[in-house]
Amino acid sequence: NTPTFDWDDITDAVEYQIQVDNNSNFSSPERDRAGLTTSTYTPTSSLSDGTYYWRVRAKDNVNNWGNWSEVWTFTIDKQPPSVPNLISPANGAAINDNTPTFDWSDITDAIEYQLQVDDNSNFSSPILDQTGLNVSTYTPTSPLSDGTYYWRVRAKDNVGNWGGWSSTWSFIIDTQGPGAPQLNSPANGATISDNTPSFEWSDVSGAVAYELMVDNNSEFGSPEIHKTSLTSSDYTSATPLA
């Protein structure tokens, strides 16, 4: 907001006058400086954000003023864009995708976004630090390792103002399945007289559900019993087995 104004040198000029106004008729210039002996001018105080018009004229050594230059316009914008809202991965989410798509809200005047992903909440050494993103999503091209991550986004407008960082969200990547259960009963190879037997197996750390299959064929092509989403490590058949 203290831009340097620059124009062509005029061979026989000894003085220049510049006018800068927020109105194209220059009825009340924000800056009106005569007596300039060089073809540049930098305001000593800031101009407010907004659209301005400017022109220059030259005077020779016998005090003849030349015509005004053509009028040019420019806009000062020191206001940064808004802060994006994060969408996904959700804050605190646990996911099994190690190339997750990061998604955040569009910012109206943004032309670029920066995404940072780190395994440290202070973002001291980001695993991902992507600038130049012109859409509000990003999918990593290389897998992330299993673990806890933090992420944030900011936006830049068309005059180079960076907005503030979004809030920081975290998520966990876990692509490793739990351990295999140990079967307890019926015992391997057992012959039993109960046609609604209880199937029992060991608890597995980290498990939230179990899947049970019972078949009269070792290929398990058409199970007699097939239960998913069992929340405990046992199941009693509700239908008699032959």
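Residues numbered from 1 in each chain as written. Predicted model: local features only at pLDDT ≥ 70, side-chain atom pairs only at ≥ 80, totals over all residues. Heavy atoms only, no water.

Caption draft 1: Quick look at the overall build of the protein chain. Per the secondary structure count, the protein chain includes 0 helices and 19 strands. Its C-alpha radius of gyration of 36 Å places the protein chain more than 25% over the 18 Å reference for a compact globule of 242 residues. Burial status across the protein chain gives 32% buried among its 242 residues. For the protein chain, contacts bridging at least 24 residues in sequence account for 56% of all contacts bridging at least 6. Carbon and sulfur atoms make up 43% of the accessible area of the protein chain, which amounts to about 14600 Å² in all. A gap of 21 Å separates the mean positions of the 10 positive and 31 negative side-chain charges of the protein chain. (Helix = DSSP H or I, 4+ residues; strand = E, 2+ residues; numbered from the N terminus. Rg over C-alpha atoms; globule rule 2.2 N^0.38 Å. Buried < 20%, exposed > 50% of the residue type's maximum accessible area, 1.4 Å probe, protein only. Contact = heavy atoms within 4.5 Å. Areas by Shrake-Rupley, 256 points an atom, 1.4 Å probe, with all protein chains shown as cover. Lys, Arg positive; Asp, Glu negative; His and termini not counted. Charge placed at Lys NZ, Arg CZ, Asp CG, Glu CD.)

Caption draft 2: Seen up close, unusual backbone geometry. Cis geometry marks the peptide bond from Ser88 to Pro89, where omega comes out at 0°. Among the secondary structure elements, Pro89 is positioned in the loop between strand 7 (86-88) and strand 8 (93-95). Residue Ser185 is joined to Pro186 through a cis peptide bond whose omega torsion reads 0°. Positive phi outside glycine occurs at Ser229, with the angle close to 60°. Within the secondary structure, Ser229 is located in strand 18 (residues 225-230).

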